[in-house]
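Report on the structure
Chain by chain, the residues run as shown.
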Amino acid sequence: SWLSRGLSPRFLFPLVLVLACIAAPISVASAADTERPNVVIVMADDLGYGDIGCYGAKGLKTPNIDRMASEGCRFTSGYCSASTCTPTRYSFLTGSYAFRFPGTGIAPPNSPALIPAGTTTTASLLQEAGYKTAVIGKWHLGLGEKNEGPDWNGDLKPGPLEIGFDHCILLPTTNDRVPQVYVNNHNVENLDPADPLWVGNKKPSKDHPTGITHRDTLKMDWTHGHNSTIHNGISRIGFYTGGHAARFRDEDLSDRWVAESKRWITENKDEPFFLFFASHDLHVPRVVHERFQGSTALGPRGDAIAELDWCVGELMKSLEENGLTEKTMLVFCSDNGPVLDDGYADDANEKLGNHDPNGPYQGGKYTVYEGGTRTPFITRMPGTIPVGVNDEMVCTIDFAASLAAMVGTELPNDACLDSHNMLGVLMNQSGATGREHLVQQDNGKLGNYGYRVGDWKLVRHDHKKSYNFDLSMTRKEVPQFELYNLDSDPAEQNDLSQSEPERAKQMQQELQKLLDAGRSR
Ligand code: NG6
Ligand code: CA
């Protein structure tokens, strides 16, 4: 452990870290000044527990992510807080459960900013502590004023720059939604004022080509939804016109974000920085760069994992080239669990073979079974984070409180309501204990929750129907409450709610209390 290394200045950081975990955070702020590590968080999109080599992937190889894990800590109970994108990202940044805030489900193309300007976030806490901060990649948390939404041809604010980021290069929502343009800080990049961008949810003219009227021209067919405006041979959710000079090719997203990240890391190498690298891989449409197309036997879904792995490799290279490997806490996580057919005919089912996207767990994206939120979760900081595997429970919602503790910033009373300081666990310090409980939610509208306490898991389905438990969007009737022991039954197959009625009742009551807590602690 760090203690055995003595207390040379080089190892001051771990000491500060441990103090930060147990003492009043503010008291160590100045001591930490010279040793504050950079933080790079890579969040994958729709990546399941079993999709990565070091988590048992059967159908493909992920050498870069595996190397990252072999140089860091691989978590077996690492979670995102929801089984869809927007609520997980909302909670990751605000440190509060999304279910406390109605309207934080999957955001539509014209969604206004869901996190109000001035909200305390993971980014603002680090920015306040003197970090340079950037988000590069998928946003999907809305842009623009409440009741107005994004002003695509004007200033796109509020957005990330109003909640603690100095810089952003964004895909505004998710790439199966319109529009396919980059947002560079407050503006659509390369927008020609003579060709204004219009985005809406109604067909703009009778002859506007869509995935329905021009289906035979598509390079990737749709299976459900995703049949509105066509761009780059792919029909999307929602309609848009104009902004042609600003439109990107799906194939180039990762290259652009990696290049931009490398540029930004190098530019900020002399100060502490926080980079949120929000990959779009492996969300639909899975249209990766030509050099990754066909690179795995799994079709586009596997190729997207290969592209994601490449991104992680490039980020590690950039840190290395700038001499920042030991000074940077690198995190890899996902925003929700896996899905196969999520609306496009991309052979995800047909070419699956024996690959098992959710590993030993049940369900995926959209579900509150373990497969929906228990996902790959790795931290690396050579020399500080001991190499190993950690079974403690930790969640993406915990970064706000943990990183605030790391830099010695105190959390305001009314912010980050559900974020626990898990710094010791994230740093794989021996003896550091993880979360005692965690609420997992779905998209929010259906009222389905998972509640894990130790090895026990209560599943609550107010909606009574679960879909995507089989990763193919099949629906099945489910009882309102189920109880599982994750130690003996990680796949949640053996409902114990009848044989353990007392425990089930107690967990129902505890969960209800957390759901009723509203906007206060
Ligand atoms: C669903 C979309 C799905 C995906 C998801 C959001 C349809 C039929 N399905 O509504 O394709 O876009 O929303 O995914 O439109 S997430 O990872 O960003 O939450
Ligand atoms: Ca997602």
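Heads up: the structure comes first, above all this text.
Now for a description of the structure that goes with this document. Keep in mind it's a predicted model, so treat the numbers as computed, not measured. (Residues numbered from 1 in each chain as written. Chains lettered and ligands numbered in written order. Predicted model: local features only at pLDDT ≥ 70, side-chain atom pairs only at ≥ 80, totals over all residues. Heavy atoms only, no water.)

Some words on the state of the cysteines
Scanning the model with the defined rule gives zero disulfides in all. Just so you know, Cys54 is unpaired, no disulfide at all, and the nearest cysteine sulfur is the one on Cys73, 11 Å from it. Its relative accessible area of 22% is what places Cys54 among the partly exposed residues. The thiol sulfur of Cys416 is not disulfide-bonded, and the nearest other cysteine sulfur, from Cys395, lies at 13 Å. (Disulfide = S-S within 2.5 Å. Buried < 20%, exposed > 50% of the residue type's maximum accessible area, 1.4 Å probe, protein only.)

Considerations on the coordination of the calcium ion (ligand 2)
At this site the calcium ion (ligand 2) is bound by Asp45 (OD), Asp46 (OD), Asp335 (OD), Asp335 (OD) and Asn336 (OD1), with donor distances of 2.2 to 2.8 Å. All donors to the calcium ion (ligand 2) come from one chain, and their sequence spacing reads D-D-x288-D-N. In this pair, Asp46 sits in the loop between β1 (38-44) and α3 (63-70) while Asp335 sits in the loop between β12 (328-334) and α8 (370-373), placing the two residues 289 residues apart along the sequence. Residues Asp46 and Asp335 agree in their burial class; the two are buried. (Donors = N, O, S within 2.8 Å, 3.2 Å for Na, K, Ca; no water. Helix = DSSP H or I, 4+ residues; strand = E, 2+ residues; numbered from the N terminus.)

Observations concerning the packing of aromatic side chains
According to the stated counting rule, one finds 15 aromatic pairs in the structure shown. A centroid spacing of 5.9 Å and a plane angle of 55° characterise the contact between Phe292 and Trp310, whose relative ring orientation is tilted. In this pair, Phe292 sits in the loop between β11 (273-278) and α7 (300-321) while Trp310 sits in helix α7, placing the two residues 18 residues apart along the sequence. A connected cluster of aromatic rings, assembled from ring pairs, spans Phe75, Phe92, Phe276, Phe377 and Phe399. One residue, Arg475, lies across the ring of Tyr467, its end atom 4.8 Å from the ring centre. (Phe/Tyr/Trp six-rings, centres within 6.5 Å; stacked < 30°, edge-to-face > 60°. Lys NZ or Arg CZ within 6 Å of the ring centre and 35° of its normal.)

Some remarks on the site of ligand 1
If you check the shell around ligand 1, you find 18 residues, and the closest are Cys85, Asp176, Arg177, Asp342 and Lys365. In the model, an oxygen atom of ligand 1 is placed 3.2 Å from a nitrogen or oxygen of the Lys138 side chain. (Near = heavy atom within 4 Å. Polar contact = N/O pair within 3.5 Å; in protein donor to acceptor, adjacent residues only side chain to side chain.)

What to know about the sheet that holds strand β5 (residues 183-184)
Overall, mixed pairing links the 10 strands, which are arranged β6-β5-β4-β3-β11-β1-β12-β13-β2-β14 in an open sheet. Of all strands in the sheet, those bounded by a partner on one side alone are β6 (187-188) and β14 (388-395). Judged from the five bridges that link them, β1 and β11 form a sheet pairing that is parallel. For Val40, the partnering residue across the bridge sits in β11 and is Leu275. Against the sheet, α3 makes contact with β2 (73-79), β12 and β13 (378-380), and its axis sits at roughly 65° relative to β13, the strand it touches most. Packed onto the sheet, helix α6 (residues 253-267) meets β3 (132-138), β4 (167-171) and β11 and runs at close to 180° relative to β11. (Pairing = 2+ DSSP bridges. Contact = heavy atoms within 4.5 Å. Axes fitted to C-alpha atoms, helices over the stretch in contact; angles between N-to-C directions.)

Some points on the sheet that holds strand β15 (residues 437-441)
One open sheet accounts for four strands, arranged β15-β16-β17-β20; its pairing is antiparallel. Looking along the sheet, the strands with just one partner apiece sit at the ends: β15 and β20 (481-485). This sheet shows a mean twist of 15° between the axes of neighbouring strands, independent of strand direction. Where β15 and strand β16 (residues 448-453) come together, five bridges link them in antiparallel fashion.

Considerations on the packing of α3 against α7
α7 packs onto α3 with a crossing angle of 50° between their chain directions and a minimal axis gap of 7 Å. The pairing of α3 with α7 is recorded here as oblique in orientation. Facing Pro63, Asn64, Ile65, Arg67 and Met68 of α3, the residues of α7 in contact are Leu308, Asp309, Trp310, Val312, Gly313 and Met316. A class-by-class count of the residues in the contact of α3 with α7 yields seven nonpolar, two polar and two charged. (Parallel < 35°, antiparallel > 145°, perpendicular 65-115°, else oblique. Nonpolar A, V, L, I, M, F, W, Y, C, P; charged D, E, K, R; others polar.)

Here's the deal with the pattern of salt bridges
This model, assessed by the stated rule, comprises 31 salt bridges. A salt bridge links Lys219 to Glu251, with the shortest nitrogen-to-oxygen separation between them at 2.7 Å. Here Lys219 is found in the loop between β7 (198-200) and β8 (230-231), whereas its partner Glu251 is found in the loop between β10 (239-241) and α6, with 32 residues between them in sequence. Classification of Lys219 by relative accessible area gives partly exposed; the value is 47%. By relative accessible area, Glu251 is classed as buried at 3%. When the shortest N-O distance is used, the salt bridge between Arg286 and Asp346 registers 2.9 Å. (Salt bridge = Lys/Arg side-chain N within 4 Å of Asp/Glu carboxyl O.)

Concerning the environment of Leu411
Assignment of secondary structure puts Leu411 in the loop between α9 (399-407) and α10 (423-426). According to the relative accessible area criterion, Leu411 is partly exposed, its value standing at 26%. With 238 residues separating them along the chain, Leu411 and Thr173 place their C-alpha atoms 29 Å apart. Those residues in contact with Leu411 that sit more than four places away from it in its chain are Leu125, Ala400, Ala401, Ala404 and Cys416.

Looking at unusual backbone geometry
Omega for the bond connecting Lys157 with Pro158 falls within 30 degrees of zero, at 5°, which places this linkage in the cis form. Here Pro158 is to be found in the loop between β3 and β4. You will see that Cys416, though not glycine, has its phi angle at about 50°, which is positive. Position of Cys416 relative to the elements: it lies in the loop between α9 and α10. Of the residues examined, Cys416 reaches a relative accessible area of 1% and is grouped as buried.

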